[in-house]
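Reading the structure
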Amino acid sequence: MVIKVYISRLAGNVHMKTKQTKIVDILTAKNIEHEEVDISDTNIPETKTFMQQYAKAKEGQIHPLPPQVFNGDDYCGGYEEFEDAVENNQIYEFLKMAPAKQQSEAKITVTSMNKE
């Protein structure tokens with residue numbers, strides 16, 4: 001599944017823009033497939049409705065605010081949870097996905113083949 005980052009391109013709050021950018025930059029740097037879903041796009045109002053229905057609002061908020069992260073339709077968390085996962089090296093668990101496969105190289109040298 002694709003990771004979806006719900007953002008608002010019309011955010012007037014500098015902190016919100018910074019948080020949105022940081023999430024996208026980290027996902028890009030880690031080569032994690034993702035897409036940005038703009039809840040401010042009036043042509044697709046259902047995106048905002050979906051985010052508000054399934055994401056969790058912080059204490060004192062009526063609706064959750066961007067950025068919010070989903071794996072497909074499964075809610076992962078907001079910025080603070082994402083940041084904690086990155087700091088604790090648990091981003092794949094947060095994103096509900098298997099860790100990236102790491103490649104390693106091995107070199108084998110055969111020096112002799114004695115058949116006795």
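Note: the structure precedes this text.
Read on for a plain summary of the structure. (Residues numbered from 1 in each chain as written. Predicted model: local features only at pLDDT ≥ 70, side-chain atom pairs only at ≥ 80, totals over all residues. Heavy atoms only, no water.)

Per the stated rule, a full pass over the model turns up 4 salt bridges. Among the salt bridges present, the one from Lys58 reaches Glu80, with a minimum N-O distance of 3.0 Å. Of this pair, Lys58 sits in the loop between α2 (46–54) and β3 (68–71) while Glu80 sits in helix α3 (residues 79–87); the two residues are 22 residues apart in sequence, bridging distant segments of the chain. When salt bridges that share partners are traced, they join Lys19, Lys58 and Glu80 into one network. (Salt bridge = Lys/Arg side-chain N within 4 Å of Asp/Glu carboxyl O. Helix = DSSP H or I, 4+ residues; strand = E, 2+ residues; numbered from the N terminus.)

Below, the discussion takes up the sheet that holds β3. Within the open sheet, the 4 strands sit side by side as β2-β1-β3-β4. Their pairing is mixed. Each edge of the open sheet is held by one strand with a lone partner, namely β2 (34–38) and β4 (74–78). Strand-to-strand twist across the sheet, computed as the mean angle between neighbouring axes with direction ignored, equals 25°. Both β3 and β4 contribute to a ladder of 4 bridges, which runs antiparallel. (Pairing = 2+ DSSP bridges. Axes fitted to C-alpha atoms, helices over the stretch in contact; angles between N-to-C directions.)

This brings us to the environment of Ala11. Residue position: Ala11 is located in the loop between β1 (3–7) and α1 (14–29). Beyond its immediate chain neighbours, meaning those up to four positions away, Ala11 contacts Met16 and Lys17. (Contact = heavy atoms within 4.5 Å.)

A few words on the packing of aromatic side chains. Scanning all chains against the criterion turns up 6 aromatic pairs. When the centroid spacing of 5.2 Å and the interplanar angle of 50° are considered together, the rings of Phe50 and Phe70 count as tilted. Highlighted residues: Phe50 in helix α2 and Phe70 in strand β3, separated in sequence by 20 residues. Residue Phe70 is classed as buried on the basis of its relative accessible area of 0%. Here the aromatic cluster, defined as three or more aromatic residues joined through ring pairs, consists of Tyr6, Phe50, Tyr54, Phe70 and Tyr75. (Phe/Tyr/Trp six-rings, centres within 6.5 Å; stacked < 30°, edge-to-face > 60°. Buried < 20%, exposed > 50% of the residue type's maximum accessible area, 1.4 Å probe, protein only.)

The quantities given are spatial measurements derived from coordinates; they are silent on function.
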